[in-house]
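# Chains, contacts and geometry: an overview
Here are the chains, one letter per residue:
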Amino acid sequence: MKDARIDRRLFLRGIGGVTAGVAAATALSACGTGTSRSVAGSGGKGGKTVVVRDSGGSYGAALQKAIYTPFTQETGISVKVLNLDDAPLLAQIKQGRPQCDLINNSMMSHTKYVKQDDALETLDHDRIKSLNSAKIPENQITDHAIGYGFYGQCIAYRTDAFGGRKPESWADFWDTKAFQGGRSMCSPDGDLPELEFALLADGVPMDKLYPLDVDRAFKVLTRLRSDIKKFWDSGPLPGVLLSRQEVTMSTVWDGRIADLQKQGVPVERQLNGMRRQFSGYAIAKGAANVDNAYKLMDFSLRAESQAALAKAFPLNPASPLAYAKLTEAERNALAGAPKYYDKGFDADIDWWLKNESAVTKRWLEWARG
C-alpha cells in the first residue's frame, strides 16, 4: 500500500537537502517536478483551478476517480495534480512560489513541514464544513492539517501453516514454537520501526505504549531476530514472501491482504494491536488558489467522498459515518470498520518526531546483527 503511505521514504531522503536544493528547485518549478495530470472542468476565468499534490500511482488514480472528477463536476473547478517529492515542494514554499495549493500527505509529514519549515497555512476550520458533518476524529484535526484516512500495520499469516490455529496477538507472532516458521518485519525504508509490536508482545497494554520503552522493545526484538528471514521495504514484499512460503507470518499494510486473497494465496490478517497512521490534507503556505484548496479539502472530507475513495482504494476513512455508506462486505474488508477499530491504536506522531532518527539508527544496527 505504498501509495497510501504518501511517500515517507521520499520525505526522509529529501528533507535534509531542502536548503541546498533551492536553486535546483527553481529549475524544477519551471518544468514541473514529477508527473502531472489534469481533470478538466467547465473552464472559466481565473480562480477555476486548484493544484493538489498527491503520490500518484494506483492511489492517485483512485483519488481522481472518487474525488477529483466528482469535485470538478460539482463545482466547475479544474483539478491539476502534481506528483511532487518533498524536497522540491518545500523548497518552492520557502521561495514563496509553491506549485501546488493543496497537499495530500501523511499527517506525520505535515507535522514535519510545520516544525521544520513553517510550510503550511494555518487553517480556518470554519471554512471546512465537513469537519462536523463527517465527524472527523478530534485527534486528526490540527491547526495545519486534517486527517481523512489511515492505513493499518498488522499481522498477515498463512492459514495453512499452523494446523488450523490462528495467531491472535503479537505475542503469538513472537511465539515461533507454537506458530512455527519464519517471520518478516519492515525495514526503516518501509515504515517506522516496529517497536510498538515488540512491546505489545511483551505484555504492554495498547493505552500504555507511549512513551515507548526503547530498551525493552529492542530486548524483545532480539528474541525474534534469528527467525526474521527478511526485512521488507515495499508494500508487495510481505505478500511475495508469504506466497512463496518463505515466511509464515509478516507485518503488513492491511490493504494488501485482499489482493493476496484474490490471487488465491491462503492468507489472513490479524488486526489485534494494529498501528494506525493517518494521511491528511494541508494548504501550502503562499498557495495561489487558497479558496479552491479549501473547497477541495471540504469536498474530500465529506463522508460520502471518503466512502467513494474506500471503494476505489483500500484506505480506511477517518469519518465514522463513511462506513455506513458502504455495503457490509465493503465495510468489513476495511480495518477501520467499527467492529475492528478498537483493536488498534494511533501512532504517536509527536513521540516519533522526537525519536525517529535515534531509533532508526539503532534499528539498522540491530537488523544488521
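Because the structure is a prediction, the values reported are computed rather than measured.

What counts as what
- Residues numbered from 1 in each chain as written.
- Predicted model: local features only at pLDDT ≥ 70, side-chain atom pairs only at ≥ 80, totals over all residues.
- Heavy atoms only, no water.
- Helix = DSSP H or I, 4+ residues; strand = E, 2+ residues; numbered from the N terminus.
- Buried < 20%, exposed > 50% of the residue type's maximum accessible area, 1.4 Å probe, protein only.
- Contact = heavy atoms within 4.5 Å.
- Areas by Shrake-Rupley, 256 points an atom, 1.4 Å probe, with all protein chains shown as cover.
- Phe/Tyr/Trp six-rings, centres within 6.5 Å; stacked < 30°, edge-to-face > 60°.
- Lys NZ or Arg CZ within 6 Å of the ring centre and 35° of its normal.
- Expected span 1.5 Å × (residues − 1).
- Bend = angle between axes of the 7 residues up to and from the residue.
- Core = buried A, V, L, I, M, F, W, Y, C linked by side-chain atoms within 4.5 Å.
- Axes fitted to C-alpha atoms, helices over the stretch in contact; angles between N-to-C directions.
- Left-handed = near helix turned anticlockwise from the far one by under 90°.
- Nonpolar A, V, L, I, M, F, W, Y, C, P; charged D, E, K, R; others polar.
- Polar contact = N/O pair within 3.5 Å; in protein donor to acceptor, adjacent residues only side chain to side chain.
- Salt bridge = Lys/Arg side-chain N within 4 Å of Asp/Glu carboxyl O.
- Pairing = 2+ DSSP bridges.

## Quick notes on the overall build of the protein
For the protein, the helix and strand inventory stands at 17 helices and eleven strands. Looking at the protein as a whole, 54% of its 369 residues are labelled buried. The contacts of the protein with a sequence gap of at least 6 include a subset with a gap of at least 24, amounting to 76%. In the structure as shown, the protein presents an accessible area of about 15300 Å², 48% of it carried by carbon and sulfur atoms.

## Overview of the packing of aromatic side chains
Summed over the entire model, instances satisfying the criterion amount to 17 aromatic pairs. Ring pairs connect the aromatic residues W170, F173, W174 and F197, which therefore count as one cluster. Sitting over the ring of F173, R183 keeps its end group 5.5 Å from the ring centre. Between R225 and the ring centre of W366, over which it is positioned, the NZ or CZ distance is 5.8 Å.

## Notes on helix α17 (residues 349–368)
Between its first and last C-alpha, α17 extends 26 Å over 20 residues, near the 28 Å set by a 1.5 Å rise per residue. Along α17, the helix axis deviates most sharply at N355, where the bend reaches about 60°. Those residues of α17 not exposed but buried are W351, W352, E356, V359, T360, W363, W366 and A367.

## Things to note about the nonpolar core
Counting residues in each nonpolar core, the largest one holds 77 residues, and the members touching the most others are L296, M297 and L309. For L309, the contacting residues outside a window of four places in its chain are Y59, A62, L63, A66, I67, Y148 and L315.

## Remarks on helix α13 (residues 290–301)
Helix length check: α13, at twelve residues, gives a terminal C-alpha distance of 17 Å against a target of 16 Å (1.5 Å per residue), a fit within 8%. Counting buried positions along α13 gives nine out of twelve residues, so the element sits mostly inside the fold.

## Regarding the packing of helix α4 (residues 57–75) against α13
It is at 10 Å that the axes of α4 and α13 come closest, and there the two elements cross at 115°. Seen from above, α4 lies across α13 with right-handed handedness. Taking contact as the criterion, the partners of I67, Y68, P70, F71 and E74 in α4 are, on α13, N292, K295, L296, F299 and S300. Class assignment for the residues of the contact of α4 with α13 results in six nonpolar, two polar and two charged.

## Quick word on the environment of H125
Here H125 is to be found in the loop between α6 (107–117) and α7 (130–133). As for H125 and Y294, which are separated by 169 residues in sequence, their C-alpha atoms are 9.6 Å apart. Setting aside its immediate chain neighbours within four residues, H125 contacts L131, I141, T142, D143 and I146. Within polar-contact distance, the side chain of H125 engages the backbone oxygen of T142 at 2.9 Å.

## Examining the packing of helix α10 (residues 214–224) against α17
Relative orientation of the contacting elements α10 and α17 amounts to 35°, with a least axis distance of 12 Å. Crossing handedness for the pair α10 and α17: right-handed. Side by side, α10 and α17 meet where V214, D215, F218, L221 and T222 of the first sit next to W351, V359, R362, W363 and W366 of the second. Looking at side-chain class alone, the contact of α10 with α17 contains seven nonpolar, one polar and two charged residues.

## Digging into the pattern of salt bridges
In this structure the tally under the stated criterion is twelve salt bridges. Each of the salt bridges in this network shares a partner with another, and the network as a whole consists of D202, R216 and R223.

## Some details on unusual backbone geometry
Look at the link from Y210 to P211: it is a cis peptide, with omega at -5°. Here P211 shows up in the loop between α9 (195–201) and α10. Within the chain, K135 stands out as a residue other than glycine whose phi angle is a positive 55°. Its place among the elements puts K135 in the loop between α7 and β5 (146–158). Although it is not a glycine, Q245 sits at a positive phi angle of roughly 60°.

## Re the pairing of strand β9 (residues 267–283)
The two faces of a sheet get side chains in turn, since along a regular strand they alternate between them. Buried residues dominate β9, accounting for 15 of its 17 residues. Bridge count between strand β4 (residues 102–106) and β9: five bridges; the pairing is antiparallel. Note that in β9 the partner of I103 across the bridge is A282. One ladder, built from eleven bridges, connects β5 with β9; its direction is antiparallel. Pairing of Y157 across the sheet is with E268, part of β9. When β9 meets strand β11 (residues 344–346), the two strands line up parallel, connected through three bridges. If you follow M274 over to β11, its bridge partner there is G344.

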